[in-house]
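Per-entry structural report
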Amino acid sequence: GAVVSQHPSRVICKSGTSVKIECRSLDFQATTMFWYRQFPKKSLMLMATSNEGSKATYEQGVEKDKFLINHASLTLSTLTVTSAHPEDSSFYICSASTGRQETQYFGPGTRLLVL
Amino acid sequence: DAKTTQPPSMDCAEGRAANLPCNHSTISGNEYVYWYRQIHSQGPQYIIHGLKNNETNEMASLIITEDRKSSTLILPHATLRDTAVYYCIVKAGGYQKVTFGTGTKLQVIP
């Protein structure tokens, strides 16, 4: 089946630093990838839609300058959390769509802790 | 996306069938019903999806009512590893975003 990976699986950083999270579709090409954030005991919240070769589309309330998304190829999208603060600590999950009926497959998630 | 309604939690005895209901009364004709589950601290796992007809795969069965206003996910023989939050989602075809509700927390009991 379709496999999506994320790297790193968890990261701890100091407040004010930037963190990059990679999302890769391993066995298929993904024109579109999605980034979600999940707080403890809450559901997934869509942050942005990442389109290969074009600018990402951000959901209302998500700061585009803080959460930089780059979708440089059909198998890789990156999310950079700039100037991270403790309130950015969360579980970040990406997904990618296959060509068949555009089913979304999710990565394992990246747990970010900002100290 | 159409909204879905699911019970917040359910229990199921190990080895028995788990039947998870979902209401999607405002579903449009071109929207599919998708089911995902999320085991603690992992990314959501795709289970199954359908448009009109009932579907079955190695993981589960999906029963969609004739009027498409509700559906039921069936795990035929629940195991402890099936304990997770199950999300029912309706989504049109194409590269459309998925909106997650609160899901059903299924607890499989030994």
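Look a little higher up for the structure.
In what follows, the accompanying structure is described. Owing to the predicted nature of the structure, the values given are computational and were not obtained by experimental measurement.

Calculation rules
By convention here, each chain's residues receive numbers from 1 onward along its written sequence. Going through the entries in the order they are written, you letter the chains from A and number the ligands from 1. Note on the predicted model: pLDDT of at least 70 is required for a residue's local features to be given, and 80 or more for side-chain atom pairs to be given and counted; whole-chain, interface and lining totals, by contrast, use all residues. Side-chain metrics rest on all non-hydrogen atoms present in the structure, leaving aside hydrogens and water. By definition, residues are in contact when any of their heavy atoms lie within 4.5 Å. A 1.4 Å probe defines the accessible area here, and the buried area is the portion of it lost by two parts on being joined, summed over both. We define a salt bridge as a contact between a side-chain nitrogen of Lys or Arg and a carboxyl oxygen of Asp or Glu at a distance within 4 Å. Strands here mean DSSP runs of E at least two residues long; helices mean DSSP runs of H or I at least four residues long; both are numbered from the N terminus. The residue classification treats Ala, Val, Leu, Ile, Met, Phe, Trp, Tyr, Cys and Pro as nonpolar and Asp, Glu, Lys and Arg as charged. All others, Gly included, are polar. As used in this structure description, the phrase polar contact means that two N or O atoms lie within 3.5 Å; if the pair is within protein, one of them must be able to donate a hydrogen and the other to accept it, and residues adjacent in sequence are counted only when both atoms belong to side chains. Think of it this way: a Phe, Tyr or Trp ring, Trp meaning its six-membered ring, pairs with another when their centres are within 6.5 Å, and the plane angle makes it stacked under 30 degrees, edge-to-face over 60, tilted otherwise. Two thresholds decide whether a charge sits over a ring: the Lys NZ or Arg CZ must be within 6 Å of the ring centre and within 35 degrees of the ring normal. For each residue, the accessible area found with a 1.4 Å probe, counting protein chains only, is set against the maximum for its type, and the residue is called buried under 20%, exposed over 50%, and partly exposed in between. If DSSP finds at least two bridges between two strands, the strands pair.

Turning to the interface of chain A and chain B, a few remarks are in order. Taken together, the contact between chain A and chain B spans 23 residues of the former and 21 residues of the latter. In this assembly, chain A packs against chain B so that about 1,700 Å² is buried in total across both faces, 53% of it on carbon and sulfur atoms. At the boundary of chain A with chain B, the tally comes to 0 salt bridges. Elements with a minimum of two residues in the side of chain A that touches chain B: strand S4 (32-38), strand S9 (90-97) and strand S10 (104-106) of chain A. Looking at which element gives the most residues to the side of chain A that touches chain B, the answer is S4(A), with 4 residues. Taken together, the residues that form the side of chain A that touches chain B break down as 9 nonpolar, 11 polar and 3 charged.

Checked against the element boundaries, Thr32(A) lands in strand S4. Among the polar contacts made by the side chain of Thr32(A), one reaches the side chain of Asn51(A) at a distance of 3.3 Å.

Here we come to the packing of aromatic side chains. All told, the structure shown has 12 aromatic pairs over all chains when counted by the stated rule. Their ring planes at 40° and their centres at 6.4 Å tell us that Phe67(A) and Tyr92(A) sit as a pair that is tilted. Here Phe67(A), found in strand S7 (residues 67-73), pairs with Tyr92(A), found in strand S9; they are 25 residues apart in sequence, far enough to count as distant. One aromatic cluster is present, formed by Tyr36(A), Tyr105(A), Phe106(A), Tyr32(B), Tyr34(B), Tyr36(B), Tyr46(B), Tyr87(B) and Phe100(B) through successive ring pairs. Stacked on the ring of Phe91(A), the Lys or Arg Arg111(A) has its end atom at 4.4 Å from the ring centre.

All names here are of chain A. Locating Ser25 in the fold gives a position in strand S3 (residues 19-25). The exposure class assigned to Ser25 is buried, which follows from its relative accessible area of 4%. A polar atom in the side chain of Ser25 sits 2.7 Å from the backbone oxygen of Phe28. With near-sequence residues (within four places) excluded, Ser25 lies in contact with Val3, Ala30, Met33, Leu74, Thr75 and Ala96.

What follows concerns the pairing of strand S11 (residues 110-114) of chain A. Residues and elements named next belong to chain A. Here S11 shows one buried face, formed by Thr110, Leu112 and Val114, and one open face, formed by Arg111 and Leu113. Here strand S2 (residues 10-13) pairs with S11 via 4 bridges, running parallel. Each bridged residue has a counterpart across the sheet, and for Ile12 the counterpart in S11 is Leu113. Bridge analysis of S9 against S11 gives 3 bridges, and the strand direction is antiparallel. Paired with Tyr92 across the two strands is Thr110, which belongs to S11.

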